[in-house]
Amino acid sequence: MTLSQLLYPLALGSTLLFSGLAVAQTDYNSVLRQETEHYLKKQYADLTQRGYERIDVRVNAVDRRLRLTPCSAPLNFEQSNPSTLRNQASVRVSCSAPKPWAIFISARISAYAKILVAAQPLVRGQILEKGDLIRQSKVVSPNQTLLQEHQLIGQQLKRALPQGEAIKANFLTPPRVIRRGDNLILAARFGNASVSTSATALADGKVGEQIRVKNNRSEQIVKARVVAPGRVEVVL
């Protein structure tokens, strides 16, 4: 029997051994991914109470080159700012026994919510009404404010929106409820008392803004706060 014939079984055995170890390591890496996914889903479970429909977690693969000893103790998971939802999450996974180790595993987080979108094409300057809005399930950014219907109705669009596009807070502005030249009721408050007179708007105005108006009786020009369509107020 030649030397190569003697060494062949040893080489074959070594190959099978290393192949088995690689398969075992791959299986353990899969376990780490599954455990990390379970941890993250548990962390974000309460977000459904904050208006989110569901949270999808996709854990990235663990580096196959890592040779991690399977942990005999419970795995420990740590995440910075776990209550803050981000598109990307990084989790420190560590083991204390039999051989301590620690790695970072990353994941992609997708948050879904039934948000208000344009029910049909909307034009710039349009005042939103109930029929302009419809709810659809969409991926939302972690810092996106989930607006409610009452916050949108009566607001004015700063840009045109195609059908199905999400309506965001920065697309909206309070509408002008007073136009220059409008006849107004000017109320002057003195503590709990108030008197009213007629006035003329010298500028456009939105609720909450201060505009210049002319007191029609005294011809005096004053700054007054817009409180409603056709009504302004000064506090003395």
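An account of the accompanying structure is given in this report. Every chain's residues receive numbers from 1 upward, in the order its sequence appears when written. Residues qualify for local features only when their pLDDT is at least 70, as the model is predicted, and side-chain atom pairs are given and counted only at 80 or more; totals for whole chains, interfaces and linings, by contrast, use all residues. To get the side-chain values, all heavy atoms of the structure are used, and hydrogens and water are removed first.

## Here we look at the overall build of the protein chain
Right, on to step 1. Within the protein chain, the regular secondary structure consists of two helices and 14 strands.
Right, on to step 2. Think of it in three bands: with a 1.4 Å probe and only protein chains considered, a residue is buried below 20% of the maximum accessible area for its type, exposed above 50%, and partly exposed in between. Evaluated residue by residue, the protein chain yields a buried proportion of 32% over its 236 residues.
Right, on to step 3. Within the protein chain, residue pairs in contact and separated by at least 24 positions form 53% of the contacts whose partners lie at least 6 positions apart.
Right, on to step 4. All accessibility values rest on the Shrake-Rupley procedure with a 1.4 Å probe; residue burial counts only the protein chains present in the view. Carbon and sulfur atoms form 52% of the exposed surface of the protein chain, whose accessible area is close to 14,900 Å². A run of H or I in DSSP becomes a helix once it reaches four residues, and a run of E becomes a strand once it reaches two; helices and strands are each numbered from the N terminus. Residues count as neighbours in contact if any of their non-hydrogen atoms are within 4.5 Å of one another.

## Describing the sheet that holds strand β10 (residues 193-201)
Right, on to step 1. With mixed pairing, the five strands of this closed barrel are ordered in space as β9-β10-β12-β13-β14. Taking the axes of each pair of neighbouring strands and ignoring which way they run, one obtains an average angle of 55 degrees across the sheet.
Right, on to step 2. Note that strand β9 (residues 183-190) and strand β14 (residues 231-235) share five bridges and pair parallel. The residue of β14 that forms the bridge with L186 is V232. Strand pairing is assigned whenever DSSP detects at least two bridges linking the two strands. To obtain each axis, a line is fitted to C-alpha atoms, and for helices this fit is confined to the stretch in contact; angles are then taken between N-to-C directions over 0 to 180 degrees.

## Here's the deal with the side chain of T173
Right, on to step 1. Relative to the helices and strands, T173 resides in strand β7 (residues 172-173).
Right, on to step 2. For T173, the side chain forms a polar contact with the side chain of K206, separated by 2.7 Å. Between N or O atoms, a polar contact is any pair within 3.5 Å; within protein, one atom must be a potential hydrogen donor and the other a potential acceptor, and residues adjacent in sequence are included only when both atoms are from side chains.

## A closer look at a nonpolar patch on the surface
Right, on to step 1. Only residues above 30% relative accessible area that lack a salt bridge enter a patch, with like-charged residues linked at up to 9 Å and the nonpolar side chains Val, Leu, Ile, Met, Phe, Trp and Tyr linked at up to 5 Å. Any Lys or Arg side-chain nitrogen found within 4 Å of a carboxyl oxygen on Asp or Glu counts as a salt bridge. On the surface, a nonpolar cluster with roughly 310 Å² of combined accessible area is contributed by F190, V195 and L236.
Right, on to step 2. With respect to the helices and strands, the residue F190 is situated in strand β9.

## Points about the state of the cysteines
Right, on to step 1. A pair of sulfur atoms, both from cysteines and within 2.5 Å, is called a disulfide here. A full pass over the atoms with the stated rule returns one disulfide.
Right, on to step 2. Sulfur-sulfur distance for the disulfide between C71 and C95 comes to 2.1 Å. The S-S bond linking C71 to C95 shows a torsion near 95 degrees; that makes this disulfide right-handed. Of this pair, C71 sits in the loop between β1 (54-59) and β2 (76-78) while C95 sits in strand β3 (residues 88-95), placing them 24 residues apart in sequence.
Right, on to step 3. Taking relative accessible area as the criterion, C95 reaches 6% and is therefore assigned buried.

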